[in-house]
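What follows is each chain in one-letter form.
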Amino acid sequence: MATNIDWSRLTFSYTKTNTILSCSFKDGKWGEVESHTDDTIRISSFAGALHYSIECFEGLKAFRGKDGKIRIFRPDENAARLQRSAKFLGIEAPSTEMFIEMCIRAVKENIDFLPPYGTHASLYLRPTLIGVNPQLGVNSSKDCIFLMLCSPVGAYTGGNLEPINVVIARNYDRAAPNGCGCYKLGGNYAASLYSYNLAHKQGYKAVLYLDPAEKKYIDEFNSSNFFAIKGNTYITPESDSILPSITNKSLEAAARYLGMDVERRKIEVEELSGFEEAGECGTAVVITPVYQIDDKPFLESDEVTSYTFGSKTACGPKSLRLYNMITGIQYGETEDPFGWCVFVE
Ligand SMILES: *Cc1c(COP(=O)(O)O)cnc(C)c1O
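Conventions and cut-offs
- Residues numbered from 1 in each chain as written.
- Predicted model: local features only at pLDDT ≥ 70, side-chain atom pairs only at ≥ 80, totals over all residues.
- Heavy atoms only, no water.
- UniProt positions renumbered as here; feature names shortened; annotations may be inferred.
- Phe/Tyr/Trp six-rings, centres within 6.5 Å; stacked < 30°, edge-to-face > 60°.
- Buried < 20%, exposed > 50% of the residue type's maximum accessible area, 1.4 Å probe, protein only.
- Lys NZ or Arg CZ within 6 Å of the ring centre and 35° of its normal.
- Axes fitted to C-alpha atoms, helices over the stretch in contact; angles between N-to-C directions.
- Helix = DSSP H or I, 4+ residues; strand = E, 2+ residues; numbered from the N terminus.
- Parallel < 35°, antiparallel > 145°, perpendicular 65-115°, else oblique.
- Contact = heavy atoms within 4.5 Å.
- Nonpolar A, V, L, I, M, F, W, Y, C, P; charged D, E, K, R; others polar.
- Near = heavy atom within 4 Å.
- Polar contact = N/O pair within 3.5 Å; in protein donor to acceptor, adjacent residues only side chain to side chain.
- Areas by Shrake-Rupley, 256 points an atom, 1.4 Å probe, with all protein chains shown as cover.

The name given to the protein in an unreviewed UniProt entry is branched-chain-amino-acid transaminase, and the organism recorded there is Candidatus Cryptobacteroides merdavium. Of the protein, the UniProt comment under Sequence similarities (unreviewed entry) reads exactly: "Belongs to the class-IV pyridoxal-phosphate-dependent aminotransferase family." In its Cofactor (unreviewed entry) section, UniProt records this for the protein: "pyridoxal 5'-phosphate".

The structure is reproduced here in structure tokens:
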């Protein structure tokens, strides 16, 4: 099937592809992986996923390289993270092998939707695990469906590496201390929507949350991790309530490889004034540079302390270097010294 997608205009939004894959866990075992052209699924209206958020998901990408090869970036890491999330929810998770096989099959069945090299676009994979048996009592679902969904995507913000402004909204949290902030659950996103919508109305592109226990240290954004550059050091927060981003982990490795120092530690808000570069990181765009952070005691009031970093129009040089290394590996432009990519033959 030929598509008439304008790859250069893709943003981070859904485009229907050829198929979705699904596999059911029922009566204590996984069934066959099925492929469906219809992207709607049929589940009980009493499914635990719908009532008690018994749902976790992943996000990763497949790229068409400069050398014509197709690479999936670190799917073993996403499989392991999904297994952690599922364990927290008390539900069954696919094995790493099953997870990666389904990633590869989804790419093959939707190859027409894998953007050509040079468009800065990619095929986003969205593995999703839901509890589906009908239930009223609050307990972990015994039956689940594991879905492998996909969609071609471009740059998340529409523009590549365009610096953004964000806000610290001290009167809101996305996660609780000792809660579920470190697992990739749909419920965490629901918890962040109110403050995100309010911030968005004020012109901010994202909310930067603080550690929910002391409100003293930087945690992360609603859907991405925080990092900063000071001198030759890559700095990112250490916290029990942030999602361990695979992009962040990759940036740390890239920074070390490029001869930078790496610090993963608690970061006090006041430290922001000493950073030369700051940014968001995640699968969607790898890096989004941040040029301004407004610290507001109440999101609804005008009281604010502002911190700025580098240029308002361009990504900082160290962030750019890291971005180029990661995207270079993903598109087969740079040698992959880490062996991160899984090839689709
Ligand atoms: C998915 C996610 C990230 C980014 O993780 P990556 O593995 O880099 O895509 C960061 N923060 C939150 C809250 C997330 O859900």
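What about the packing of aromatic side chains?
Counting across every chain of the model gives 13 aromatic pairs. Ring centres 5.3 Å apart and planes at 10° place the aromatic pair phenylalanine 227 and tyrosine 234 in the stacked group. An identical accessibility class is assigned to phenylalanine 227 and tyrosine 234; each is buried. One aromatic cluster is present, formed by Phe73, Tyr257, Phe338 and Trp340 through successive ring pairs. Sitting over the ring of phenylalanine 343, lysine 69 keeps its end group 5.8 Å from the ring centre.

Quick word on the packing of helix H5 (residues 246-257) against helix H6 (residues 317-330)
At a minimum axis distance of 10 Å, the contact between H5 and H6 shows a crossing angle of 110°. Comparing their axes, H6 and H5 come out roughly perpendicular. Contacts between H5 and H6 pair Ser250, Leu251, Ala254, Ala255 and Tyr257 from the former with Leu322, Met325 and Ile326 from the latter. Grouping the constituent residues of the contact of H5 with H6 by class yields seven nonpolar, one polar and no charged.

Let's talk about the site of the ligand
Near the ligand you find 15 residues, and of these Lys184, Tyr189, Ser245, Thr247 and Thr283 are the closest. Within the side chain of glutamate 220, a nitrogen or oxygen atom sits 2.6 Å from a nitrogen atom of the ligand. In the model, an oxygen atom of the ligand is placed 2.9 Å from a nitrogen or oxygen of the isoleucine 246 main chain. In isolation the ligand has 380 Å² of accessible area, and contact with the protein removes 96% of it. Here the shell around the ligand is composed, by residue class, of three nonpolar, eight polar and four charged.

Describing the UniProt feature "modified residue: N6-(pyridoxal phosphate)lysine" (unreviewed entry) in the protein
The sites that carry the UniProt feature "modified residue: N6-(pyridoxal phosphate)lysine" (unreviewed entry) are, in the present numbering, Lys184. Mapping lysine 184 onto the fold places it in the loop between strand E9 (164-169) and helix H4 (186-201). Setting aside residues no more than four positions away along its own chain, lysine 184 makes contact with Cys56, Phe57, Glu58, Gly59, Arg81, Ser85, Tyr189 and Leu243.

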